[in-house]
Amino acid sequence: MAPRRKAPRRRAKKSFNVSAIELGTALSLSQSTGLSESVKLALDGNISGGLENLQKRVLQNKNKIVGTLGAAFVGKALTKGFTSGTLAKLGPIRIKA
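Residues numbered from 1 in each chain as written. Predicted model: local features only at pLDDT ≥ 70, side-chain atom pairs only at ≥ 80, totals over all residues. Heavy atoms only, no water.

Draft legend 1. A look at the overall build of the chain. A count of helices and strands for the chain gives four helices and three strands. Each helix (α) and strand (β) of the chain, taken in turn from the N terminus, gives the series β-α-α-α-α-β-β. With the C-alpha coordinates of the chain rotated into their principal frame, the extents come out at 75 × 40 × 20 Å. Classification of the 97 residues of the chain by burial places 18% in the buried group. Long-range contacts, defined as pairs at least 24 residues apart, comprise 59% of the intrachain contacts of the chain with a sequence gap of at least 6. When the 18 basic and 4 acidic side-chain charges of the chain are each reduced to a single mean position, those positions are 26 Å apart. (Helix = DSSP H or I, 4+ residues; strand = E, 2+ residues; numbered from the N terminus. Buried < 20%, exposed > 50% of the residue type's maximum accessible area, 1.4 Å probe, protein only. Contact = heavy atoms within 4.5 Å. Lys, Arg positive; Asp, Glu negative; His and termini not counted. Charge placed at Lys NZ, Arg CZ, Asp CG, Glu CD.)

Draft legend 2. Here's a closer look at the pattern of salt bridges. The tally for this structure, following the rule as stated, stands at three salt bridges. With a closest N to O distance of 2.8 Å, Lys-76 and Glu-22 form a salt bridge. Residue Lys-76 is found in helix H4 (residues 62-79), and its partner Glu-22 is found in helix H1 (residues 20-32); the two are separated by 54 residues along the sequence. Under the relative-accessibility criterion, Lys-76 is labelled partly exposed at 26%. For Glu-37, the salt bridge is made with Arg-57, and the minimal N-O distance between the two is 3.2 Å. Taken together, the residues span a long stretch of sequence, with Glu-37 in helix H2 (residues 35-43) and Arg-57 in helix H3 (residues 47-60) at a distance of 20 residues. (Salt bridge = Lys/Arg side-chain N within 4 Å of Asp/Glu carboxyl O.)

Draft legend 3. Local environment of the packing of H2 against H3. Closest axis-to-axis distance for the H2/H3 pair is 7 Å, and the angle between their directions is 165°. Of the possible angle classes, the one that applies to H2 and H3 is roughly antiparallel. The crossing of H2 and H3 is right-handed. On H3, the residues touching Leu-35, Glu-37, Ser-38, Leu-41 and Ala-42 of H2 are Ile-47, Gly-49, Gly-50, Asn-53, Leu-54 and Arg-57. (Axes fitted to C-alpha atoms, helices over the stretch in contact; angles between N-to-C directions. Parallel < 35°, antiparallel > 145°, perpendicular 65-115°, else oblique. Left-handed = near helix turned anticlockwise from the far one by under 90°.)

Draft legend 4. Up close: H1. The end-to-end C-alpha separation of H1 is 18 Å, in line with the 18 Å expected for 13 residues at 1.5 Å each. Here H1 has its buried residues at Ile-21, Thr-25, Ser-28 and Ser-32. The buried residues of H1 occupy one face: seen down the axis, they fall within an arc of 70°. For H1, the exposed residues set more than 90 degrees away from the buried face come down to Leu-27 and Gln-31. The elements touched by buried residues of H1 are strand E1 (16-19), H3 and H4. Just past H1, the residue Gly-34 takes up positive phi, approximately 65°. (Expected span 1.5 Å × (residues − 1). Arc of directions from axis to C-beta.)

Draft legend 5. The arrangement of a positive patch on the surface in detail. On the surface, Lys-6, Arg-9, Arg-11 and Lys-14 cluster together to form a positively charged patch. In this structure, Arg-9 sits in the segment before E1. (Patch = residues over 30% accessible without salt bridge, like charges linked within 9 Å, V, L, I, M, F, W, Y side chains within 5 Å. Areas by Shrake-Rupley, 256 points an atom, 1.4 Å probe, with all protein chains shown as cover.)

These values are about where atoms sit, not about what they do.
Here it is, written out as structure tokens:
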């Protein structure tokens, strides 16, 4: 009788994908909303000050925020037709459109 073969082990993928459009949108929105300042205030214990800062910056930059979201929507719609969405590969990171 032939010996039994071991069951194949599943290995986790060693790479991951990052959407260039979504990453750019997130970075732009975090800058427009003053997210880093607000988080720093909240971590220092001033949660209400962090939320007030966030609210103030969103109201100041609402046109820029709407423009960023509109451009991201159009960019995602235009890149849907690409057959290979990979723009670059940096080691285990794949940057997709």
